[in-house]
Amino acid sequence: MRIVIINGPNLNLLGKREPGIYGSSTFEAFFEKLQKKYAEMELHYFQSNIEGELIDKIQEFGFSADGIILNAAAYTHTSVGIGDAIKAVETPVIEVHISNVYQRETFRHQSYISPNATGIIVGFGLQGYELALQSFSK
Ligand code: CA2
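Summary of the structure given here. Bear in mind that the values here come from a model prediction, so they are computed numbers and not experimental data. (Residues numbered from 1 in each chain as written. Predicted model: local features only at pLDDT ≥ 70, side-chain atom pairs only at ≥ 80, totals over all residues. Heavy atoms only, no water.)

With parallel pairing, the five strands of this open sheet are ordered in space as β2-β1-β3-β4-β5. Taken across any chain shown, the strands that pair with only one partner, and hence form the sheet edges, are β2 (42-47) and β5 (119-122). The sheet shows a mean angle of 20° between the axes of neighbouring strands, direction not considered. As paired strands, strand β1 (residues 2-7) and strand β3 (residues 67-71) are joined by five bridges and run parallel to one another. Residue pairing in the sheet places Ile5 in a bridge with Ile69 of β3. In the packing of helix α5 (residues 127-136) onto the sheet, the strands contacted are β1, β2, β3, β4 (93-97) and β5, and the crossing angle to β3 comes to about 160°. (Pairing = 2+ DSSP bridges. Helix = DSSP H or I, 4+ residues; strand = E, 2+ residues; numbered from the N terminus. Axes fitted to C-alpha atoms, helices over the stretch in contact; angles between N-to-C directions. Contact = heavy atoms within 4.5 Å.)

Taken together, 17 residues sit near the ligand, with Asn71, His77, Ile98, Ser99 and Arg108 positioned nearest. Starting from 510 Å² of accessible surface for the ligand in isolation, the protein chains cover 94%. Looking at the shell around the ligand, its residues break down into nine nonpolar, five polar and three charged. (Near = heavy atom within 4 Å. Areas by Shrake-Rupley, 256 points an atom, 1.4 Å probe, with all protein chains shown as cover. Nonpolar A, V, L, I, M, F, W, Y, C, P; charged D, E, K, R; others polar.)

Listed below in structure tokens is the structure:
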């Protein structure tokens, strides 16, 4: 099972700023734990603050991987381009948000990812990524 986790803008700051909303673990530390726990899976991780790089990565994995776990961060709410990329690829995409976006500002209630996502997980912190992973491991 080949799975990629793709994180969007500012998620490189996880564990370094705003722990009250996003927790205190860096994504790298969390990803290492996932790799150990799910050693039978081929896990990849990519983060970028650049919209086009996220689209390139979705296309790169979107015809060969078994699953994409995507937290497009702020681009979730703005990016027609990322939404189109999700629609264009064959690999199922699970949309993840660390925070419960529906408890937050109304602009975070809009998603260009959701209409073409296989599933959506919000508000479970970093555990949301693991839940998404488990959904692929059936
Ligand atoms: O809850 C989520 O996972 C979000 O995708 C996070 C985005 C936000 O724009 C979405 O509405 C919801 C923001 C990611 C920013 O990450 C930071 C991490 C640490 C410190 C500052 C920002």
